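Coordinates in review
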Protein chains: 2
Amino acid sequence: MTTGKWREAVEGKKWTEVSDLVEEMAGSEVLIRGRVHTYRPQSSKVFVILRQSGCTVQCVAEQSNVGVNMIKYLKQLSYESFVDVIGVVVVPKDPVKGTTQKVEIQVRKVYYVNRALERLPLGVEDAARSEADIEKSLETGTPAVRVNQDTRLNNRVVDIRTPANQAIVSIGCQFENFFRGNLLSMGFVSIHTPKLLAGSSEGGYAVFRLDYKGQPACLADWPQLHKQMAICGDLRHVFVVGPVFRAEDSFTHRHLCEFVGLDAEMEIYKDYSEIMDLVDELFVFMFTELNEKCKKELEAVGKQYPFEPLKVNPICSIKKGFCSRYQTYRTGVEVDPLGDLNTESERKLGQLVLEKYKTEFYILHRFPTAVRPFYTMPCADNPLYSNSFDVFIRCEEIMSGGQRVHVPEVMEKRARECGIDVKTISTYIDSFKYGAPPHGGFRVGLERVVMLFCALNNIRKTSLFPRDPQRLSP
Amino acid sequence: MTTGKWREAVEGKKWTEVSDLVEEMAGSEVLIRGRVHTYRPQSSKVFVILRQSGCTVQCVAEQSNVGVNMIKYLKQLSYESFVDVIGVVVVPKDPVKGTTQKVEIQVRKVYYVNRALERLPLGVEDAARSEADIEKSLETGTPAVRVNQDTRLNNRVVDIRTPANQAIVSIGCQFENFFRGNLLSMGFVSIHTPKLLAGSSEGGYAVFRLDYKGQPACLADWPQLHKQMAICGDLRHVFVVGPVFRAEDSFTHRHLCEFVGLDAEMEIYKDYSEIMDLVDELFVFMFTELNEKCKKELEAVGKQYPFEPLKVNPICSIKKGFCSRYQTYRTGVEVDPLGDLNTESERKLGQLVLEKYKTEFYILHRFPTAVRPFYTMPCADNPLYSNSFDVFIRCEEIMSGGQRVHVPEVMEKRARECGIDVKTISTYIDSFKYGAPPHGGFRVGLERVVMLFCALNNIRKTSLFPRDPQRLSP
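Just so you know, these numbers come straight off a predicted model, no measurement behind them. (Residues numbered from 1 in each chain as written. Chains lettered and ligands numbered in written order. Predicted model: local features only at pLDDT ≥ 70, side-chain atom pairs only at ≥ 80, totals over all residues. Heavy atoms only, no water.)

1. Brief notes about the overall build of chain A
What chain A contains, in helices and strands, is 16 helices and 16 strands. Over its C-alpha atoms, taken along the principal directions, chain A stretches across nearly 85 × 55 × 40 Å. Among the 474 residues that make up chain A, the fraction classed as buried is 59%. Nonlocal contacts in chain A, meaning residues at least 24 apart in sequence, comprise 69% of its contacts between residues at least 6 apart. About 19400 Å² of surface is accessible on chain A, with carbon and sulfur atoms providing 51% of the total. Positive and negative side-chain charges in chain A, numbering 61 and 60 respectively, have mean positions lying 5 Å apart. (Helix = DSSP H or I, 4+ residues; strand = E, 2+ residues; numbered from the N terminus. Buried < 20%, exposed > 50% of the residue type's maximum accessible area, 1.4 Å probe, protein only. Contact = heavy atoms within 4.5 Å. Areas by Shrake-Rupley, 256 points an atom, 1.4 Å probe, with all protein chains shown as cover. Lys, Arg positive; Asp, Glu negative; His and termini not counted. Charge placed at Lys NZ, Arg CZ, Asp CG, Glu CD.)

As structure tokens, then:
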């Protein structure tokens, strides 16, 4: 790092976290490191707001304490620079406005750790402004800056510093932890499946192709085949968390070309309701946990992007939350009985479920076989329908699942019916010839579920470094 | 699933896990599902060993109980098929040999769930045989089958069913869990970084190239740049678990073209010993935990591939385990002071450390700058050396780490010295111009650490579906 004076000054001292600065520490000298969030110079004083992740504290440098040279030095600080501050904790008479910490630091010394450019591509305060505050500023005649999405994403290292974005990253991390932790406690094993596949995948999506040492290869558009092969390998209940690649030209608010897939697969004993029961219990629990344990983070998101917490009704969801497609007609949504749902029907159905069951989370099952992949098990009583389901929150699909065909002859027949050359999937089909249990599973996209959980309007807000048909950097 | 008679027979019944079959259940009727591990027909009896994951139980069908047709039916079972067995738990007079469960099942009914082919590409018992048992069989004159690695990997769904392989998957899962759990408890955040990168990476490895909607792209050979950008985005301590891609033509026992990287990055305050302290504490803890909590799994691996548990000496490792390269010379390994270690020196050094400190886990630091990537921070006292380290277990490297350059000017200088066109990494360098804290991190490959922890001779044994220069399937 830096050397000389700084090294001498900090030697033997401990750093204090900004979040730990409380009134009980009044009078003690502390060493803190943080960013220059903002500063306000006066003639013989400089007020610096120091930020560390989501926490801020006001530091006051007075000429009588630090000397005239230090005041000059502080008047040339640049925003977002890292500095080390040595100072004394004091409790101000009038509480400081706009900082997270109530105490103030009387500055003794300040050292630059890393100096940021004078002009940044966007300001953190600008990036953190809510739409409501921008609207309000218009009335005052001095309109506040509105940072557009491309500027944010082009300069994600600055954009990600806003309280809402810090919280979104944390919510995604928590969601994944709850998913993993709960499945592990149910006896699932975490596995990793290869993303590099020979030939072209049969998942039904456009894939990214590449040359693998002279062989044609593609990037996995789901770990579907390999998680099923893990079940054939006696692993019984598995999950995979990892990137999923889609070369689709989808320019929507909810599609990415690379995202994080949470995939599970399990043996089943009687029928696919075992999977839906698990999904129901797991997700109701996870959403409830998130609402409880991420209160601070949800508040931070809501401050910039106001939203209502997701309504999850556990009892209703567990006992009656499954809507078969047949029920759908009765509840008033008209859809093609052998076709897929469109966005409009999804929305209408979601409203009906919310009114009747007071939940924005629900499962729709028994989809027409024609709209599901070839490996979906047809219903025993009517092969035009399948043992499959989708999960919705806030009227949008977050998850698909279902029972898979485990009988090689049935799979070959289904592949042919779907126009797939059986030869190209022979390794996959062979897996089932060596003995396979009935099984099924489900998949959810991390960025999409976090987007809908927080009612955000764009999936690019929940991906740290999003990839879409037009964006491959940073 | 199947219908008719089977459905009637199992309706309303609960399945019992093979692992739950104990003497206390004697006399009760149970319904179990499992694979036909082996069977032995006699005139009016059939003995079936039923396997469920790692557990086995003997089922005895007697003509007097099940009738002549069922006996005929059972004499045509095929190995590895899934069957449902209804029977009564009994405690046999003479304990059953070779099964994990001590009780026996008196069969009432058996139903096929899924029939495996008569001839499998390899037998699970053959795949599970230790080298010692094969050697022993040679003496008897009827040599046992030795399954070669390609047969195993080509038919991984069968190979993975052996007790050793089931255990290896579980150890990998546990290692990842300990890694995640411990870092989360230290305040790290789990993030995901994009695997699709614009242009070609600067990680120094051969990369897989592809076309991304008309733009040249490659697969990330480490999440290095993005995890550093996350630190510049105020996330402070992050880790990434995900696939890492290398197009290297490395035909060795320890290289793969796709593997699981465990990557961490953190702010540092004084120097890079903060990272080494964390690595030391984390890994000594994890290895100790694995040795304690995966006893059954380690035993299963050792049965087929005998090995000595990894010697980890916590006190020694924490207090004195760091060996600087300078110490190396004194301990008798001759190496080029500005060059890298070769395999021979690594081995010799490992032996010396084991003798002196009684640990097979140690950290070597202060590598010559010339053998580390351009983003490695040179030592303040001698820029020919760098603030970097490697971690070794059983004389092989499992991890690299170090402090990164966070000062844009130094980074540009280092890039130029390493022959990198600064323009191609401008986004990366810009990240540090917007204010960056001193930071560093480390990376470890999951498959390699599990391989060395279990003293296995090939990394393909610890990857579920390995990818190497010649293997892209299954």
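2. Section: the environment of Lys75 of chain B
Residue and element names in this part refer to chain B. Assignment of secondary structure puts Lys75 in the loop between α2 (63-74) and β4 (82-90). For Lys75, a relative accessible area of 32% gives the class partly exposed. Residues Lys75 and Asp336 lie 261 residues apart in sequence; the distance between their C-alpha atoms is 68 Å. Among the polar contacts made by the side chain of Lys75, one reaches the main-chain carbonyl oxygen of Ser43 at a distance of 2.9 Å. (Polar contact = N/O pair within 3.5 Å; in protein donor to acceptor, adjacent residues only side chain to side chain.)

3. Re the pairing of strand β1 (residues 29-41) of chain A
Residue and element names in this part refer to chain A. Among the 13 residues in β1, 10 count as buried, and that is most of the element. Note: β1 against strand β4 (residues 82-90), 7 bridges, orientation antiparallel. Residue Gly34 lies in a different strand from β4, and its bridge partner there is Val83. Summarising the sheet, β1 and strand β2 (residues 45-52) pair through 6 bridges and their orientation is antiparallel. For Tyr39, the partnering residue across the bridge sits in β2 and is Val48. The hairpin turn running from β1 into β2, its antiparallel successor, is 3 residues long. (Pairing = 2+ DSSP bridges.)

4. Regarding helix α16 (residues 446-453) of chain B
All names here are of chain B. Burial runs high along α16: 8 of the 8 residues are buried. If you check which residues of α16 are buried, you get Leu446, Glu447, Arg448, Val449, Val450, Met451, Leu452 and Phe453. At the C-terminal side of α16, Ala455 shows a positive phi close to 50 degrees.

5. As for the side chain of Glu360 of chain B
Residue and element names in this part refer to chain B. As for its placement among the helices and strands, Glu360 is situated in the loop between α13 (343-357) and β13 (361-365). Within the buried set, Glu360 has no salt-bridge partner at all; the shortest N-O distance to an opposite charge, 4.0 Å, is to Arg394. Non-local contacts of Glu360, meaning those with residues more than four positions away in its chain, are made with Pro309, Leu310, Lys311, Leu354, Phe392, Ile393 and Arg394. (Salt bridge = Lys/Arg side-chain N within 4 Å of Asp/Glu carboxyl O.)

6. Details of the interface of chain A and chain B
Residue-level contacts link 102 residues of chain A with 102 residues of chain B. Both faces considered, chain A and chain B share a buried interface measuring about 8200 Å² in area, 61% of it formed by carbon and sulfur atoms. The interface formed by chain A and chain B holds 10 salt bridges in total. A salt bridge links Arg236 of chain B to Glu17 of chain A, with the nearest nitrogen and oxygen atoms 2.8 Å apart. For the pair chain A and chain B, the number of links is 54 residue pairs in polar contact (both at pLDDT 80 or more). Considering every element that reaches the side of chain A that touches chain B, the biggest residue donor is helix α7 (residues 163-185) of chain A, with 7 residues. Residues that form the side of chain A that touches chain B fall into these classes: 54 nonpolar, 20 polar and 28 charged. (Buried area = accessible area lost by both parts, 1.4 Å probe. Nonpolar A, V, L, I, M, F, W, Y, C, P; charged D, E, K, R; others polar.)

7. Comments concerning the relation of the copies chain A and chain B
Superposition of chain A onto chain B requires a rotation of 180 degrees combined with a translation of 0.0 Å along the rotation axis, giving an RMSD of 0.0 Å. What the rotation and shift describe, once combined, is the action of a two-fold rotation axis. When C-alpha distances to the rotation axis are compared across chain A, the minimum falls at Leu210 of chain A, with a value of 2.5 Å. A share of 99% of the interface residues of chain A reappears at the interface of chain B, consistent with the copies meeting face to face through the same patch. (Least-squares fit on C-alpha atoms with pLDDT ≥ 70 in both.)

8. Brief notes about the packing of helix α7 (residues 163-185) of chain B against α16 of chain B
Residues and elements named next belong to chain B. As a packed pair, α7 and α16 sit with axes 10 Å apart at the nearest point and diverge in direction by 115 degrees. α16 is crossed by α7, and the crossing has right-handed handedness. For the pair formed by α7 and α16, the contact residues are Ile168, Ile171, Gly172, Phe175 and Glu176 on the first element and Leu446, Val449 and Val450 on the second. Along the lines of polarity and charge, the residues of the contact of α7 with α16 split into 6 nonpolar, 1 polar and 1 charged. (Axes fitted to C-alpha atoms, helices over the stretch in contact; angles between N-to-C directions. Left-handed = near helix turned anticlockwise from the far one by under 90°.)

9. Some thoughts on the sheet that holds β2 of chain A
Strand order in the closed barrel made by the 5 strands is β1-β2-β3-β5-β4 (chain A), with mixed pairing throughout. Across the sheet, the mean angle separating the axes of adjacent strands is 50 degrees when strand polarity is ignored.

10. Let's talk about unusual backbone geometry
Looking along the chain, the bond that leaves Ser473 of chain A and enters Pro474 of chain A is cis, with omega of 0 degrees. Note that Pro474 of chain A resides in the segment after α16 (446-453). With phi around 70 degrees, Asp234 of chain B is a residue other than glycine that occupies positive phi space. Mapped onto the elements of the fold, Asp234 of chain B is located in the loop between α8 (224-232) and β10 (237-245). For Asp234 of chain B, a relative accessible area of 3% corresponds to the buried category. Even without being a glycine, Arg236 of chain B presents a positive backbone phi close to 70 degrees.

11. Considering the confidence of the model for chain A
Chain-level pLDDT for chain A is 90 on average; 92% of the residues reach the 70-or-more range. Both scores are given for the predicted complex: the pTM is 0.94, the ipTM 0.93. (pLDDT = per-residue confidence, 0-100.)

12. A closer look at the nonpolar core
Phe179, Phe283, Phe287, Phe389 and Phe442 of chain B are the most contacted members of the largest nonpolar core, which totals 57 residues. If you tally residues by element for this core, the top one is helix α9 (residues 273-293) of chain B, at 10 residues. The contact partners of Phe287 of chain B, leaving out residues within four places of it in the chain, are Phe175, Leu310, Val312, Phe361, Ile393, Ile398, Val449 and Phe453 of chain B. Counting 55 residues, the second largest nonpolar core, distinct from the first, contains Met286, Val301, Phe307 and Ile398 of chain A. (Core = buried A, V, L, I, M, F, W, Y, C linked by side-chain atoms within 4.5 Å.)

13. Brief notes about the pattern of salt bridges
Applying the stated rule across the entire model yields 60 salt bridges over all chains. Between Lys227 of chain B and Asp263 of chain B there is a salt bridge; the shortest N-O distance is 2.4 Å. One end of the pair, Lys227 of chain B, is in helix α8; the other, Asp263 of chain B, is in strand β11 (residues 258-267), and 36 residues separate them in sequence. Accessibility classification places Lys227 of chain B together with Asp263 of chain B in one group, the buried group. One salt bridge connects Glu267 of chain B with Arg236 of chain B, and the closest N-O pair in it is separated by 3.4 Å. Note that Glu267 of chain B is positioned in strand β11 and Arg236 of chain B in the loop between α8 and β10, a separation of 31 residues in sequence. With a relative accessible area of 6%, Glu267 of chain B lands in the buried category. When its relative accessible area of 9% is taken as the criterion, Arg236 of chain B is described as buried. Linked through salt bridges whose partners overlap, the residues forming this network are Arg35, Arg51, Glu80 and Arg161 of chain A together with Asp234 of chain B.

14. Concerning the pairing of strand β14 (residues 388-393) of chain A
All names here are of chain A. Within β14, 6 of the 6 residues are buried, which leaves it mostly tucked inside the rest of the structure. Here β14 shows two buried faces, one formed by Ser388, Asp390 and Phe392 and the other by Phe389, Val391 and Ile393. Sheet topology note: the strand β13 (residues 361-365)/β14 ladder contains 5 bridges and is antiparallel. When the bridges of β14 are listed, Leu364 appears paired with Asp390. Pairing geometry for β14 and strand β15 (residues 396-404), over 6 bridges, is antiparallel. Its bridge partner lying in β15, Phe389 is registered against Gly401. A loop of 2 residues connects β14 with β15, the two strands running antiparallel in sequence, and Arg394 in this loop sits at a positive phi of about 45 degrees.

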